Amino acid sequence: MSFTLPSLPYSNDALTPHIDSKTMEIHHGKHHAGYTTKLNAAIEGTELENQSIEDILKNLDMNNSALRNNGGGYYNHCLFWESMSPNGGGLPSGKISDVINSNFESYNSFKTAFSDSAANRFGSGWAWLCVHKGGNLELCSSANQDNPLMPGIGCGGHPILGLDVWEHAYYLNYQNRRPDYINAFFELINWTNVNKLYDLYC
Ligand code: MN3
């Protein structure tokens with residue numbers, strides 16, 4: 001069995017003006033496709049072929065850089081596309097709204113903390129919102145294609161929202177202005193999906 005590149009849940013131009021069509025086309029069609037191909041090459045002929053991507057990441061040998069980079073890249077981008085919606089953004093709805101308020105005091109302080117986490121990640125990486133068993137939330141960031149499911153990353157729980165802060169995610173439209181891109185992401189967050197993942201993993 002091998003992993004397949006998922007279709008985007010919307011068209012390349014659906015997230016404009018926040019994320020432009022060309023960036024989406026290259027990011028999904030080239031970068032994510034590349035991680036998928038290389039993940040499949042890394043597991044071909046091994047016992048990992050029959051495992052879920054979550055299990056592969058949870059039990060990862062962190063010295064296996066091909067699997068770490070491409071397994072992470074595959075999973076992280078799958079979550080990233082689902083983290084956004086043309087109809088997203090605005091205040092959180094549903095249960096996650098209450099959980100954010102109880103964990104971070106308010107939506108605004110959550111937004112500031114998540115944005116700082118994304119802005120302060122030096123070089124390439126990701127910002128995450130994760131849920132622990134029992135329902136508590138944790139914010140963190142990780143380098144490169146690392147992911148909270150991997151051992152020893154320094155943050156834990158199951159990711160329910162992920163923001164890609166690699167330059168390939170924003171450079172065409174925003175150049176070096178990562179904070180503007182982070183602000184734009186908040187106009188796109190798919191709170192329906194965040195609620196769904198919270199219920200699955202809390
Ligand atoms: Mn990316």
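For the structure, see preceding data.
Because the structure is predicted, anything quoted here is derived from the model rather than measured.

1. Concerning helix α7 (residues 178-185)
In step 1: Turning to α7, its buried residues are R178, Y181, I182, A184 and F185. Buried residues of α7, seen end-on, are gathered within an arc of 160 degrees and therefore sit on one face of the element.
In step 2: Elements in contact with the buried residues of α7: α3 (65-82), α5 (107-119), β3 (158-164) and α6 (171-174).

2. Considerations on the coordination of the manganese ion
Geometry sets the ideal angles at a metal, namely 109.5 degrees for four tetrahedral donors and 90 or 180 degrees for six octahedral donors.
In step 1: Coordination of the manganese ion by the protein is provided by H27 (NE2), H77 (NE2), D164 (OD) and H168 (NE2), with metal-donor distances spanning 1.9 to 2.1 Å.
In step 2: Sequence spacing among the residues donating to the manganese ion works out to H-x49-H-x86-D-x3-H. Residue H27 is found in helix α1 (residues 21-43), and its partner D164 is found in strand β3; the two are separated by 137 residues along the sequence. For the pair shown, H27 and D164 are each scored as buried.

3. Regarding the layout of surface pockets
In step 1: Considered as a void within the structure, the largest pocket measures approximately 180 Å³ in volume.
In step 2: Every residue along the wall of the largest pocket is listed here: I53, E54, Y75, C78, L79, E82, H158, P159, L197 and Y201.
In step 3: Mapped onto the lining of the largest pocket, the elements with two or more residues apiece are α2 (53-58), α3, β3 and α8 (191-201).
In step 4: With four residues, the single largest contributor to the lining of the largest pocket is α3.
In step 5: Residue composition of the lining of the largest pocket, grouped by class: seven nonpolar, one polar and two charged.

Calculation rules
Residues numbered from 1 in each chain as written. Predicted model: local features only at pLDDT ≥ 70, side-chain atom pairs only at ≥ 80, totals over all residues. Heavy atoms only, no water. Buried < 20%, exposed > 50% of the residue type's maximum accessible area, 1.4 Å probe, protein only. Helix = DSSP H or I, 4+ residues; strand = E, 2+ residues; numbered from the N terminus. Arc of directions from axis to C-beta. Contact = heavy atoms within 4.5 Å. Donors = N, O, S within 2.8 Å, 3.2 Å for Na, K, Ca; no water. 1 Å grid on protein atoms, 1.4 Å probe; cavity = no way out; pocket = protein on both sides within 12 Å on 5 of 7 lines; lining within 4 Å. Points joined across faces, edges and corners; volume = space filled by probe spheres on them. Nonpolar A, V, L, I, M, F, W, Y, C, P; charged D, E, K, R; others polar.

So yeah, pure geometry; function would need other evidence.
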